[in-house]
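The chain contents come next:
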Amino acid sequence: MRITRLAALACAASIASPALAQNHEYDHSAHEEAPAPAPVPAPAPAPAPAATGNAPQTEPYVHHAHDASSVRPKPSFGEGSGTARLPGNEGGMHGLHLGTGDWMVMLHGDVSAKYTKATGPRGDDKFYSTSMLMAVAQTEPEWGRVQLKSMLSLEPAMDANGYPNLFATGETAGGLPLVDRQHPHDLFMELAARVDFNIGDQTRLFLYGGPVGEPALGPSAFMHRGSAAYNPEPPIAHHWFDSTHITYGVVTAGLAGNMWQIEASAFRGREPDEDRWNIETPKLDSWSVRGTLNPTPNWAIQASYGEIKEPEAVHPGENEHRFTASAHYASEAVSAMLAYSAKKRVPGETLVAWLGEVNWKLDSNNVLFGRFENVANDELFPDHSHPLHDEKFRVSKFQAGYARRIPLGDTFQLALGGSVAAYAKPDVLDPYYGKSPMGYTLFAKLSLGH
């Protein structure tokens, strides 16, 4: 009953009067109000050009008092997961928009059917499904903005072992560490609110938090980055960059301008447990800080640092100090990110990871994407009796793929595609992974929007 009540509350933001329903681009930074109809002069004006998927976005967070004559400049940033920023050119999410009174509700989500196969002694194959539904309710009073944010997933219905992802580590199944697997996400990926206060010209103070959210640490989570929009596989460096995107208990305060943002968070350090249907007890035992620059709509550059209390259940008493830095570029056709992370085990050594990824829209229907990762990992052999236990190995993954986008009316889109991956690793790992391990994933992704 508790889960049912919580789910009802989480979905409440997605329920609105059908008095106004329309399909258009969701602005990451603020919803765009429809201008009042202008008088028709004689002769009639030429028709306006058709909107594109990268139409100019509105000025973020600034209340315009419903003044149809106000001109809003294109913002330098868009909004990613939690309070993370994206480049302004990242584009909005096409989804279902419902309006009622002073509130706007945006619904966006996707469900994917996937088949993954990895070769070598530790390889595996699996047919599985991933999913996400996001609902954001927003209003803009004179003094600022209020957002109610929720994100849900049905991945807990998946086996606790998740799905194959060679050289990935993190979290547990049946009390044992997951190795060469990606864990499923929780039912509640976000249940949070954000309030922005206008305190000056282009300057805002904001508060964000809730029982499930994301602290100010790392770049936007991979499923929200345009550079990973069609990549069907999570990064093997996920637990270096964005493993905190589902955190039980988050409070963030920040100060933001159009081209910059500084913020600090208190949050629960322990990663989600194996019961992925519930909400775990929130705590505020860890902290982080992040600074982001958006010098132009093409760029989002962030650096962040966090001290995380006992993030991994299999490493009791071991804390983590994590530093990340990333540069994300976006134009009309290309979204790309380069990122660096160093996580220091306390006690323990420092493990470094690099990540580069790109999404290239060849045209309105065809997309190429790729990712390169280089990770130092000491969790590939969790058995304490194994001679390679706690040994650090540097592994690289090279991945490339293609997606064909097929519009299904104005609301849905189907993407069909696949990716292939190859790996570089030390020779000592040959008996466990084979000399030249490879993998591939085929997918069909149905999206509410893109």
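Residues numbered from 1 in each chain as written. Predicted model: local features only at pLDDT ≥ 70, side-chain atom pairs only at ≥ 80, totals over all residues. Heavy atoms only, no water.

Colleague: So what exactly am I meant to see when it comes to the nonpolar core here?
Modeller: A general feature of soluble globular proteins is that nonpolar side chains tend to end up buried together. Within the largest apolar cluster, 25 residues are counted, with the highest numbers of intra-cluster contacts made by Phe167, Trp240, Phe241, Leu380, Leu429 and Tyr433. Among the elements of the structure, strand E8 (163-173), helix H2 (238-241), strand E17 (334-346), strand E18 (350-361), strand E19 (366-377), strand E20 (393-408) and strand E21 (412-424) are those that each provide at least two residues to this core. Counting residues in hydrophobic clusters, the runner-up holds 15 residues, among them Leu152, Phe188, Val212 and Ile246. (Core = buried A, V, L, I, M, F, W, Y, C linked by side-chain atoms within 4.5 Å. Buried < 20%, exposed > 50% of the residue type's maximum accessible area, 1.4 Å probe, protein only. Helix = DSSP H or I, 4+ residues; strand = E, 2+ residues; numbered from the N terminus.)

Colleague: Would you mind going over the pairing of strand E12 (residues 250-256) with me for this structure?
Modeller: Strand residues, when the strand is regular, have side chains that alternate between the two faces of the sheet. Side chains Val250, Thr252, Gly254 and Ala256 project from E12 onto a buried face, and the interleaved Val251, Ala253 and Leu255 project onto a face without burial. Sheet analysis places strand E11 (residues 203-212) next to E12, joined by seven bridges and oriented antiparallel. When the bridges of E12 are listed, Phe206 appears paired with Gly254. The pairing of E12 with strand E13 (residues 260-267) spans seven bridges and is classified as antiparallel. Each residue of the ladder has a partner; that of Leu255, found in E13, is Ile262. Counting the residues between successive antiparallel strands, the hairpin from E12 to E13 contains three residues. (Pairing = 2+ DSSP bridges.)

Colleague: So what exactly am I meant to see when it comes to the pairing of strand E22 (residues 438-448) here?
Modeller: Note: strand E5 (residues 103-118) against E22, ten bridges, orientation antiparallel. The partner of Gly109 across the bridge, within E22, is Leu448. Sheet topology note: the E21/E22 ladder contains eleven bridges and is antiparallel. In the strand pairing of E22, Ala415 is matched with Lys445.

Colleague: Is there a simple way to explain a nonpolar patch on the surface in this structure?
Modeller: Among the surface-exposed residues, Val111, Ile406, Leu408, Phe412, Leu416 and Leu446 lie close enough to one another that they form a single nonpolar patch of about 450 Å² accessible area. Contributing elements (two or more residues each) for the nonpolar patch: E20 and E21. Here Val111 is to be found in strand E5. Its relative accessible area of 39% is what places Val111 among the partly exposed residues. (Patch = residues over 30% accessible without salt bridge, like charges linked within 9 Å, V, L, I, M, F, W, Y side chains within 5 Å. Areas by Shrake-Rupley, 256 points an atom, 1.4 Å probe, with all protein chains shown as cover. Salt bridge = Lys/Arg side-chain N within 4 Å of Asp/Glu carboxyl O.)

Colleague: Can you help me understand the packing of aromatic side chains in this one?
Modeller: Any aromatic ring pair is given by two values, namely how distant the centres are and how the planes are angled relative to each other. In this structure the tally under the stated criterion is twelve aromatic pairs. By way of ring pairs, the aromatic residues Phe167, Tyr423 and Tyr433 are connected into one cluster. In this structure, Lys343 is placed above the aromatic ring of Trp240, and the distance from its NZ or CZ to the ring centre is 3.8 Å. (Phe/Tyr/Trp six-rings, centres within 6.5 Å; stacked < 30°, edge-to-face > 60°. Lys NZ or Arg CZ within 6 Å of the ring centre and 35° of its normal.)

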